[in-house]
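Residue-level listing of the chains:
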Amino acid sequence: MSTDRETLTRDLMALVADEGMVEVSDIAPEKRLDELDIQSADFVMILMAIEEKYNVYISVDNELTDVETVDDLLNLVITKIEEEEAAET
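Small disclaimer: the values here were computed from a predicted structure and weren't measured. (Residues numbered from 1 in each chain as written. Predicted model: local features only at pLDDT ≥ 70, side-chain atom pairs only at ≥ 80, totals over all residues. Heavy atoms only, no water.)

### Observations regarding the overall build of the protein chain
The secondary structure content of the protein chain amounts to three helices and zero strands. Here the C-alpha coordinates of the protein chain stretch approximately 40 × 25 × 20 Å along the principal axes. Across the 89 residues of the protein chain, 39% fall into the buried class. Here the contacts in the protein chain between residues at least 6 apart in sequence split such that 58% fall between residues at least 24 apart. Summed over all atoms, the accessible surface of the protein chain reaches about 5,600 Å², with 47% contributed by carbon and sulfur. If you average the places of the 6 positive and of the 25 negative side-chain charges in the protein chain, the two averages end up 4 Å apart. (Helix = DSSP H or I, 4+ residues; strand = E, 2+ residues; numbered from the N terminus. Buried < 20%, exposed > 50% of the residue type's maximum accessible area, 1.4 Å probe, protein only. Contact = heavy atoms within 4.5 Å. Areas by Shrake-Rupley, 256 points an atom, 1.4 Å probe, with all protein chains shown as cover. Lys, Arg positive; Asp, Glu negative; His and termini not counted. Charge placed at Lys NZ, Arg CZ, Asp CG, Glu CD.)

This is the structure in C-alpha cells:
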C-alpha cells in the first residue's frame, strides 16, 4: 500500500485534528504540539489511531522524546510507515 508523502501528510494531519479534537485548519507543520492544546490522553488516541490505520508502532518512551512540532510527528510517522512498507516487500 504505497502512498505518496503529500497524501500521507494530508491524511495524517486530518487524523491528528480528528483524534486531537483540533480544527484541521489550526494544524500546520511548524506548529508546536503544546500550542495545539492536545492533552496527553488525546495524544495517546492519536498514536493508537495511527497504529491501527497504518500498522506501525511508535514508542512513546523512546521515539517521541524529541517530537515538539507537528512536522516532527509527521516525519516520525511517515518514516515508520515507509520502513513498514519496505519490510513488507
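### Some thoughts on helix H3 (residues 70-88)
Compared with the 27 Å implied by 1.5 Å per residue over 19 residues, the 27 Å span of H3 between its first and last C-alpha is a close match. Of the residues making up H3, those classed as buried are Val70, Leu73, Leu74, Leu76, Val77, Ile78, Lys80, Ile81 and Glu85. (Expected span 1.5 Å × (residues − 1).)

### Notes on helix H2 (residues 40-54)
Taking 1.5 Å per residue, 15 residues should reach 21 Å; H2 reaches 21 Å between its end C-alpha atoms and fits that length. Those residues of H2 lying buried are Asp42, Phe43, Ile46, Leu47, Ala49, Ile50 and Tyr54. All buried residues of H2 project into a common sector of 160° when viewed along the axis, lining one side. Among the exposed residues of H2, those pointing more than 90 degrees away from its buried face are Ser40, Ala41 and Glu52. (Arc of directions from axis to C-beta.)

### Structural notes on the environment of aspartate 4
With respect to the secondary-structure elements, aspartate 4 resides in the segment before helix H1 (5-19). Considered as a pair, aspartate 4 and isoleucine 78 are 74 residues apart in the sequence and their alpha carbons are 9.9 Å apart. A distance of 3.2 Å separates a polar atom in the side chain of aspartate 4 from the backbone nitrogen of glutamate 6. (Polar contact = N/O pair within 3.5 Å; in protein donor to acceptor, adjacent residues only side chain to side chain.)

### Some remarks on the nonpolar core
Formed by 28 residues in total, the largest nonpolar core has its most connected members in Leu12, Ile27, Phe43, Ile50 and Leu64. Elements that contribute at least two residues to this core include exactly H1, H2 and H3. Of the residues forming this core, the biggest block, seven residues, is contributed by H3. Not counting residues within four places of it along the chain, the set of residues in contact with leucine 64 comprises Phe43, Leu47, Ile58, Ser59, Leu73 and Leu76. (Core = buried A, V, L, I, M, F, W, Y, C linked by side-chain atoms within 4.5 Å.)

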